[in-house]
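Examining the three-dimensional arrangement
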Amino acid sequence: MAESSPTIDSSFVLIGTEQSQVLPPSRPPTVTSDATFPSSISTPTSPIDSNVSSLGTLEPVHHPSADPAYIVGSTPSYAHDWSQDTTGGIRTHGRHFVDAHGRVCNLRGVNLSGNCKTPINGDHSTFPEGAETVTFVGRPFPLDEAPQHLARLRRWGLTFVRFLITWEAVEHAGPGVYDASYLSYLRVILSLLPQYGLVAVVALHQDVWSRYAGGSGAPAWTLEHVGFDLHALEECGAAWLRGVCGGGHTEAERGLWPCGYQKLAASTMATCFWGGDTFAPKLRVRDGVPIQRFLQDAFLDMWEVVVRAVGDLDSVLGFEMMNEPHRGYIDLPSLYEFDYNTDLHLGDIPSAFQSFLLGAGHPTNVNHWTRSFPMPTKHTDQKLLNPQGRKAWRQDGPTGGLDLWEVHGVWEWDSTKNSGVVLRESYFVNDPATGRKIDWYTDFYYPFLKRWTERVRRAVANGRGHEKLFFTEPIPNEFCPPSWTQEHQPPNMVFAPHWYDLRVLFEKAHGEFSVNVQAISRGVNPLKTFHWGHKGARDNFSAQIRSLVEAGYRSLGERPVLIGECGVPMDMNRRAAFKTDDWTWQRRMMDAIITALERANVGFTLWNYNPDNDDTRGDNWNGENFSWFSNSRATLRASGLALPLSQDAKELDLGGRILDAVVRPYAAKTAGVPLKFEYEMATGAFAYSWAVPLSGPSSGSSEENTTDWQQQQHAGGPNVHTPPLAGHPQLLARETEIFVPAQLTQGRRLIVEGLREGDTYTYDAARQTLFILPGAQTDESVQVNVQKVRVRFDPPVGKELPNDFWGDFAVPVGAVLVVLLAFVAYFFVERV
């Protein structure tokens, strides 16, 4: 293996099956033709214009259906085919994704995959040993298994992929040493997607900074360069690592991993990454380089290598800089406590100051929190942590074995009193050098997002960087901040926040009763947040997701919103379904989530499709079990069978769970603007309406027009139910394509209703697509033509209709009211 360069610029080493190379510093990296990815990149000679039109330079294309003589359904494509050959390329316009024909594209799919967090050759028993020699080749699945997985996702209509990679997977061997075998594997996998109609956003995943801090993401050497001793972190309370070593399944360990964000290792790393120049200026590594520059340059160099490897592929729609970014200690008001309303308190929760003491080798009593009601947790007792006095900091590290924050005068140890003393309680609120108030978003996140975007755009081969989309998200469980104004938005931006029902996530339980925790956390009267039944869960989740989406529109303007993660724990309700094979509650919850997403008119990628999931280990990371597909279940049921790969191959469903909730109809490509989609899982029936602007694009920029239309339509701000119609790109297609899964149509007659005279349609079962072609519009005075369609099945699916409070309790409540009225009448008569 070649030695890594001692500098931190663009020099790097490739390791793996390709020829290893040390590349010259101080210029954009290049790779010789021995590698399987592009050998050069285009470097612009002028700064990138951040105001490039969201439509890029992809040329509009006339769809065959624009021809008046076109026969409905006669193109060879299918609704959920997002390949370049079919769409002509996908770009953004206002709040929508659109294809080259001007049709609105409803992207929905999966996170592929949760198993990307851990290496193929990881060994829980020896962790954290062997950090340099791990391999992620084969994540999410081996190449020879790719056809069945991609064909399965196509059959299920989940053809937009959030393809997950980690920094560790690319650069585990050391700074500037990149795994060429993994990069080649990525290119091959992503090159296969268009054969099955799939496209992807390549998303860099992280949780709690790194596996070595209790999560996933960054390589071990990032922590070591800051000075951490990987073998001491758990003992001194700087990280909780049992969850990445196969734990997290017991009641005592359930749900502990998110608390790692507040612990010393993850919080320090995030603080150094985003704001090291401000808060840790004394920390310098590798020939005196400041820690922030070292970490950020390494991160950007790694990203450039990834983009050069796969960025030229048509299947790569765009990139996402970082999953669920976290601010670390930045903006923390007090070193004595974390905010109960925003930071999970469960298990042992040292304050920031207590974490400093523990990491410095001082045994410390910390608060211990347990689950409770009605508040999620309560402080129940104290525990002595780090009784052996082990240090988190290496003696040979850049701090000389001292706590980094002690070095910076945030606290000190008073040997006379034998206790620590806080010197600067609000150290992370203001710039220590100037006293200026700090804001993590505006001071650190937005500027770095801009650097990353520009670096990625330059690195895409063939000068196509301006075509790529850039997916972004805020801190988890936060709305889009109002400060995210246009000057902070990357070109072709997609807002991709995550949403989970926090109560279910915390309790791993779901039943008739649900609570809008999002509303409670924002001060809404709790009595207004309670919901009952399946209908109640739909309404609850709809309110939460609508609030999240509309907050994005308010801050960003008309930008696409796509929910990057949402999902259901398969092991909720004490793993009852694994014993009974009755997945009713998981089905109902997933249906409620997707119904809410459909009501909000946004796309999504479900968490997650994990082939390695099994009933015992789940997703094999921190006790999580979200995958509704399991290779082990498919293997047990299809032993000895060679799987066919066509869309009508029901054998591909083996290994799936709750598919009737996940696999459902949706309008994939709409020749117009989607207005409303309603699907009832119990019957299979659905209704869809969309608007076809007949006047063509308005004059001026699309953003100006959509903003003016908004203000005229609803003074209360953007609304998920009233999308802008003005300024839509010229429609060069008349045909709308709706995905209708074979699971619904098999053995049933599909009945289409509600179309106008002259409209035509056809359903192709082999392509799982309902094609609808509107007839000619004769009334020239109409500026917007609203199309509607209703679809039902004979016989209907025939499952139990969703319940609500009055459906369940109308009779007993009515009986009680009758009795009460009788008593009132009796006393009234007696008095008379």
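Up top is the structure.
The rules behind the values
Residues numbered from 1 in each chain as written. Predicted model: local features only at pLDDT ≥ 70, side-chain atom pairs only at ≥ 80, totals over all residues. Heavy atoms only, no water. Helix = DSSP H or I, 4+ residues; strand = E, 2+ residues; numbered from the N terminus. Contact = heavy atoms within 4.5 Å. Areas by Shrake-Rupley, 256 points an atom, 1.4 Å probe, with all protein chains shown as cover. Buried < 20%, exposed > 50% of the residue type's maximum accessible area, 1.4 Å probe, protein only. Polar contact = N/O pair within 3.5 Å; in protein donor to acceptor, adjacent residues only side chain to side chain. Pairing = 2+ DSSP bridges.

The next point concerns the overall build of the chain. Along the chain, the regular secondary structure elements total 20 helices and 30 strands. Long-range contacts, defined here as pairs at least 24 residues apart, represent 72% of the contacts in the chain between residues at least 6 apart. Here the chain displays about 32000 Å² of accessible surface, and carbon together with sulfur accounts for 53% of that area.

The subject of this paragraph is the side chain of His101. Among the structural elements, His101 can be located in the loop between strand 3 (96–98) and strand 4 (104–105). Given the relative accessible area of 6%, His101 is considered buried. Among the polar contacts made by the side chain of His101, one reaches the main-chain carbonyl oxygen of Val61 at a distance of 2.8 Å. Residues within four places of His101 in sequence aside, it is in contact with Val61, His62, His63, Thr86, Thr87, Gln730, Leu731, Leu732 and Ala733.

Below, the discussion takes up the sheet that holds strand 26 (residues 736–739). One open sheet accounts for seven strands, arranged 2-3-4-23-26-29-28; its pairing is antiparallel. Single-partner strands in this sheet number two, and they are strand 2 (91–93) and strand 28 (760–764). As defined by bridge partners, strand 4 adjoins strand 23 (residues 666–670) across two bridges and the pair is classed as antiparallel. Each bridged residue has a counterpart across the sheet, and for Val104 the counterpart in strand 23 is Thr670.

As a further point, take unusual backbone geometry. Note that the residue after Phe127, namely Pro128, is joined by a cis bond; omega there is 10 degrees. Position of Pro128 relative to the elements: it lies in the loop between strand 5 (108–112) and helix 2 (146–155). The phi dihedral of Val208 is positive, around 50 degrees, even though this residue is not glycine. By the element assignment, Val208 lies in the loop between strand 8 (199–204) and helix 5 (220–226). Phi at Asp581 takes a positive value of approximately 60 degrees, unusual for a residue other than glycine. Along the chain, the position of Asp581 falls in the loop between helix 14 (572–580) and helix 15 (584–599). Taking relative accessible area as the criterion, Asp581 reaches 45% and is therefore assigned partly exposed.

To continue, consider the environment of Arg152. You can see Arg152 is positioned in helix 2. At a separation of 2.7 Å, a polar atom in the side chain of Arg152 contacts the main-chain carbonyl oxygen of Leu652.

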